[in-house]
Amino acid sequence: MWALTALLLLVPSGRQAATLEKPTLSLHPPWTTIFKGERVTLHCDGYHPPLLELRPISTLWYLGHLLLPSHKKSIEVQTPGVYRCQTRGAPVSDPIHLSVSNDWLILQVPYAAVFEGEPLVMRCRGWYDKVVYKLHYYHDGKEVRYFHSSANYTVPQARASDSGRYQCSGTMRIPVESAPMFSSKVAVTVQELFPAPVLRVTGRAEARGGVAVRCETRLHPQKRDTPLQFAFYKYSRPVRRFDWGAEYTVPEPEVEELESYWCEAATATRSVRKRSPWLQLAGRGSPLDLASTSAPIPQAAALAPGNQPLSFRKPPVSRSAPSVTSVPNTTSLGLQFPASRAPTAGPPACTPPTPLEQSAGALKPDVDLLLQEMQLLKGLLSRVVLEFKEPQAFPEHRETLETPTSRFAVSPGPQETTVVES
């Protein structure tokens with residue numbers, strides 16, 4: 001009786017079985033393509049019940065939808081197809097695709113997923129390990145590396161741009177050197193370790209003052225144990241260098257201005273580094289200040305890292321009426337402007353601009369002044385041209401246009417000039 005009770009305690013309960021993770025399936029040697037007649041070993045690593053259990057079957061093997069007769073942790077196979085394994089009470093493992101080739105040349109790539117920042121290794125292998133000469137590796141049809149003889153092609157730190165279709169070519173001596181031979185193309189996908197982070201406002205730091213922000217991202221489920229470090233920047237200046245904490249308190253500025261922040265997430269070795277979009281925070285007293293709004297906490301303005309905002313800082317708001325350069329009513333030629341057309345000394349009095357118009361209204365006085373001066377110059381030029389064309393239209397200005405030393409008169413006859421002494 002006691003022996004039966006001990007055996008039953010070793011059997012996992014239904015709740016424990018439901019929490020078991022799926023097993024990990026590995027391949028040795030770690031290549032997904034082999035030559036015909038070769039064998040590889042598959043190993044299923046997961047929960048395996050003790051041999052004393054009433055049901056000693058611990059591992060199930062699948063080839064496609066076919067259940068294989070073996071129940072061992074490791075099996076040797078040579079048949080192409082999709083392999084999976086399953087342990088007691090756990091889900092089915094991820095698949096491994098095994099290919100068998102009868103070509104002279106094959107390109108072997110890793111069976112496991114390759115993530116950003118990890119090395120990507122490929123091997124161009126000749127029939128039963130014959131030496132390959134004049135070896136070329138291709139990525140999406142473009143040559144990326146050349147070797148005189150057999151050698152692996154390695155990308156030290158893989159990136160998403162390294163994904164694509166790879167192929168190799170070379171010659172072999174069987175027994176004399178053959179013509180160039182090409183392998184079949186193999187698809188390689190570099191998995192994303194984590195997406196670009198996003199800098200979000202989490203609230204106000206009442207104890208220290210300022211705004212609390214957090215650099216948020218998520219790791220791939222297969223790499224959730226990878227440690228990440230975070231850094232924070234104001235414009236292009238780091239305000240906190242890489243550290244394990246994903247939160248930072250932005251101190252409240254003393255002036256009214258918009259400040260742009262962004263963060264960066266990276267692995268401990270810096271093999272993978274990604275930055276967030278810009279987050280614009282309002283300064284003290286600004287209408288966008290968190291304390292002066294009843295709306296929820298604002299989020300980052302989605303500006304791509306490469307597309308920097310046109311202006312990082314909000315233009316200062318003028319505290320007084322903008323000064324306008326006064327323009328006299330007489331010009332150097334003595335022309336008098338009517339009083340109704342004289343330029344005003346400044347813009348008419350108006351109510352102060354609303355907070356949302358402050359940034360745009362800061363530049364409006366300069367634009368208005370420029371437009372007034374252009375209108376004044378246009379009227380002056382048109383009046384001068386009109387007087388030279390029709391001098392009788394301005395008899396009051398004829399005296400001012402004559403020189404004080406001499407006057408010129410044009411006779412109706414031949415073109416002569418008579419000088420009349422004053």
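In case you missed it, the structure is sitting above this.
Read on for a plain summary of the structure. Because the structure is predicted, anything quoted here is derived from the model rather than measured.

### Some thoughts on the pattern of salt bridges
Point 1. What the rule picks out here adds up to twelve salt bridges.
Point 2. A salt bridge links Lys134 to Glu177, with the nearest nitrogen and oxygen atoms 3.6 Å apart. Here the residue Lys134 occupies a position in strand β12 (residues 133–139), and Glu177 occupies one in the loop between β15 (164–171) and β16 (181–182), the gap between them amounting to 43 residues.
Point 3. In this structure, Arg273 engages Glu264 in a salt bridge whose closest nitrogen and oxygen atoms are separated by 3.0 Å.
Point 4. Three or more residues are tied together by salt bridges with common partners; here these are Glu38, Arg125 and Asp129.

### Looking at the nonpolar core
Point 1. Counting residues in each nonpolar core, the largest one holds 21 residues, and the members touching the most others are Leu107, Leu120 and Tyr137.
Point 2. Elements supplying a minimum of two residues to this core: β9 (105–108), β11 (120–126), β12, β14 (152–155), β15 and β17 (186–188).
Point 3. Ranked by residue count, the leading element in this core is β11, at three residues.
Point 4. Setting aside anything within four residues of it in sequence, one finds Leu120 in contact with Pro110, Val114, Tyr153, Thr154, Val155, Ala158, Tyr166 and Val188.
Point 5. Core analysis: the second largest hydrophobic core is formed by 19 residues, Val211, Phe230, Val250 and Cys263 among them.

### Things to note about the sheet that holds strand β5 (residues 66–67)
Point 1. Reading across from one edge, β2-β8-β7-β4-β5 is the order of the five strands in this open sheet, with mixed pairing throughout. Looking at strand neighbours, the two that pair on one side only are β2 (33–35) and β5, the edges of this open sheet.
Point 2. Two strands pair when backbone bridges link them, and strand β7 (residues 81–87) and strand β8 (residues 96–101) are joined in this way by three bridges, in the antiparallel orientation. Directly across from Gly81, in β8, lies its bridge partner Leu98.

### Examining the pairing of β7
Point 1. Here five bridges tie strand β4 (residues 59–63) to β7, and the two strands are oriented antiparallel to one another. Residue Leu63 lies in a different strand from β7, and its bridge partner there is Tyr83.

### Re the sheet that holds strand β3 (residues 40–45)
Point 1. The three strands are arranged β1-β3-β6 in an open sheet whose pairing can be described as antiparallel. At either end of the open sheet lies a strand with only one pairing partner, and these are β1 (24–28) and β6 (74–77). Neighbour-to-neighbour, the strand axes of the sheet open up by a mean angle of 25°, direction not taken into account.

Reading the values: the criteria
- Residues numbered from 1 in each chain as written.
- Predicted model: local features only at pLDDT ≥ 70, side-chain atom pairs only at ≥ 80, totals over all residues.
- Heavy atoms only, no water.
- Salt bridge = Lys/Arg side-chain N within 4 Å of Asp/Glu carboxyl O.
- Helix = DSSP H or I, 4+ residues; strand = E, 2+ residues; numbered from the N terminus.
- Core = buried A, V, L, I, M, F, W, Y, C linked by side-chain atoms within 4.5 Å.
- Buried < 20%, exposed > 50% of the residue type's maximum accessible area, 1.4 Å probe, protein only.
- Contact = heavy atoms within 4.5 Å.
- Pairing = 2+ DSSP bridges.
- Axes fitted to C-alpha atoms, helices over the stretch in contact; angles between N-to-C directions.

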